[in-house]
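# Geometric and topological summary
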Amino acid sequence: MTQNALQELSQIDNPDELEQWRVRILGRRGELTGILRGLAQLDLEERRQVGALGNQAKAALEEGLEKRGRDISEARLAQVADLERIDVTLPGRPVATGRLHPTTQVLREITDAFVAMGFSIVEGPEVEWDHYNFEMLNIPQGHPARDMWNTLWVDYVNEEGQRPMLLRTHTSPMQARVMESVQPPVRVIVPGKCYRYEATDATHEWHFYQVEGLAVDEGITFADLKGTLYEFARRLFGTERKVRFRCDYFPFVEPGVDMSIDCFSCEGNDSSCRICRGSGWIEIMGAGMVHPRVLAGVGYDPEKYTGFAFGLGPERIAMLKYGIDDIRHFYSNDLRFLRQF
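Residues numbered from 1 in each chain as written. Predicted model: local features only at pLDDT ≥ 70, side-chain atom pairs only at ≥ 80, totals over all residues. Heavy atoms only, no water.

As annotated in an unreviewed UniProt entry, the chain carries the name Phenylalanine--tRNA ligase alpha subunit and is attributed to Geodia barretti. Looking at the chain in UniProt, the text filed under Subcellular location (unreviewed entry) is "Cytoplasm". Database annotation for the chain, UniProt heading Catalytic activity (unreviewed entry): "tRNA(Phe) + L-phenylalanine + ATP = L-phenylalanyl-tRNA(Phe) + AMP + diphosphate + H(+)". (UniProt positions renumbered as here; feature names shortened; annotations may be inferred.)

## Quick look at unusual backbone geometry
Among all residues except glycine, the phi angle is most often negative; among peptide bonds, the trans geometry is most common. Residues Pro 184 and Pro 185 are joined by a peptide bond in cis, for which omega reads 5°. Of note, Pro 185 is situated in the loop between helix 7 (173-181) and strand 5 (186-195). Following Glu 254, the chain continues to Pro 255 via a peptide bond in cis, the omega torsion being 0°. Within the fold, Pro 255 resides in strand 8 (residues 253-262). One non-glycine residue, Asn 138, adopts positive backbone phi at about 65°. Among the structural elements, Asn 138 can be located in the loop between helix 6 (130-133) and strand 3 (152-153). For Asn 138, a relative accessible area of 17% puts it in the buried group. Phi at Asn 333 takes a positive value of approximately 60°, unusual for a residue other than glycine. Here Asn 333 is to be found in the loop between helix 10 (314-322) and helix 11 (335-338). (Helix = DSSP H or I, 4+ residues; strand = E, 2+ residues; numbered from the N terminus. Buried < 20%, exposed > 50% of the residue type's maximum accessible area, 1.4 Å probe, protein only.)

## Some remarks on the pairing of strand 9 (residues 281-290)
By the criterion of burial, strand 9 is predominantly enclosed, with eight of the 10 residues buried. Judged from the eight bridges that link them, strand 8 and strand 9 form a sheet pairing that is antiparallel. Counted as the bridge partner of Ile 261 is Ile 282 from strand 9. Note that strand 9 and strand 10 (residues 306-312) share five bridges and pair antiparallel. Residue pairing for strand 10: Ala 287 is matched across the bridge by Phe 310. (Pairing = 2+ DSSP bridges.)

## Overview of helix 5 (residues 102-115)
Its 14 residues place the ends of helix 5 20 Å apart at the C-alpha level, agreeing with the 20 Å of an ideal helix rising 1.5 Å per residue. Among all positions in helix 5, only Pro 102, Thr 103, Gln 105, Val 106, Leu 107, Ile 110, Thr 111, Ala 113 and Phe 114 are buried. (Expected span 1.5 Å × (residues − 1).)

## Points about the nonpolar core
With 41 residues, the main nonpolar core has Ile 110, Ile 284 and Phe 310 as its most contacted residues. Mapped onto this core, the elements with two or more residues apiece are helix 5, strand 6 (207-217), helix 8 (222-237), strand 8, strand 9, strand 10, helix 10 and helix 11. The biggest single contributor to this core is helix 8, with six residues. Not counting chain neighbours up to four residues away, the residues in contact with Phe 310 comprise Phe 114, Phe 119, Ile 189, Val 211, Glu 212, Gly 213, Leu 214, Leu 229, Met 285, Gly 286 and Ala 287. Judged by nonpolar contacts, the second largest core, of 26 residues, contains Trp 149, Leu 214, Val 290 and Val 294. (Core = buried A, V, L, I, M, F, W, Y, C linked by side-chain atoms within 4.5 Å. Contact = heavy atoms within 4.5 Å.)

## Describing the side chain of Asp 258
Tracing the backbone shows Asp 258 in strand 8. According to the relative accessible area criterion, Asp 258 is buried, its value standing at 5%. Sequence-distant contacts of Asp 258, that is, excluding residues within four places in its chain, are made with Arg 244, Phe 245, Arg 246, Cys 247, Asp 248, Glu 283, Met 285 and Gly 286.

## Structural notes on the sheet that holds strand 3
In space, the three strands of this open sheet follow the order 2-4-3, with antiparallel pairing throughout. The strands lining the two open edges of the sheet, one partner per strand, are strand 2 (127-129) and strand 3. Of the pairings in the sheet, the one linking strand 3 to strand 4 (residues 165-167) comprises two bridges and is antiparallel in character. Residue pairing across strands places Trp 153 opposite Leu 166, the latter belonging to strand 4.

Structure representation (structure tokens):
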């Protein structure tokens, strides 16, 4: 019986059949168990002899069962290892590489250009107080200049029944915050997101990035403003660029200007140019000398200190550099657009 059982055991090659064999041979109702239970019917001498042989058979069968179980497990592991074997000589699978958003790319170019000229980078809150967004920038309550910014107000009413909190409409509030906290000289740029309550179209978005710049010190003149922005234009658009300044109005600077660069696409020679529309000039930012009231409002002596400020939109710069015709592409999350950068 033992030899037959071991012979049968050697033919088994899967765990299910091995368990069935164990139950049939060594189980509580198995063949060997039945033989051992029959010892009670034998006389004492036969019981000793048969019992010794039965224990030897049980030990041999259990040892064979354990060995066969190990053999089956090792064979299955070897089979899995063979099927999943890695060929280390094969080239690796390419990993999809992420890209910087075009706005982020242009923001870095802008900040790098000004940092190289000695400016520091600071950031401020996107949820701002009316006090900093307007009043500290020479735009008091009821001033018609507030109509230039379509403001998103936060639903918070103070004890006076006013809504003093808003989503900042520009990064200019950091002018006042920085000047309140440090004494001149000041040279900072402020990149960040702004929000306006306005309809979106190809050239307008309700949220966008802006980079604000500020320099305050003794003896700063409009010539310093022109020289700084001219150098910035050359760094960003090429050393051959020309610049133009025209009078403009911003409540927190006096005088105020808009700055344009000569068209790098047609150089003013194509009346159908889609970038400059035939004018030969592309407006890229607004700027001006910091208004004396703004300086006085933060505790600076306007008789002693002067400064200049400027602001530009990275999305507009990106649209000009890369020929993008719709600002809404920047926030559409369309991979076909983003993969081009």
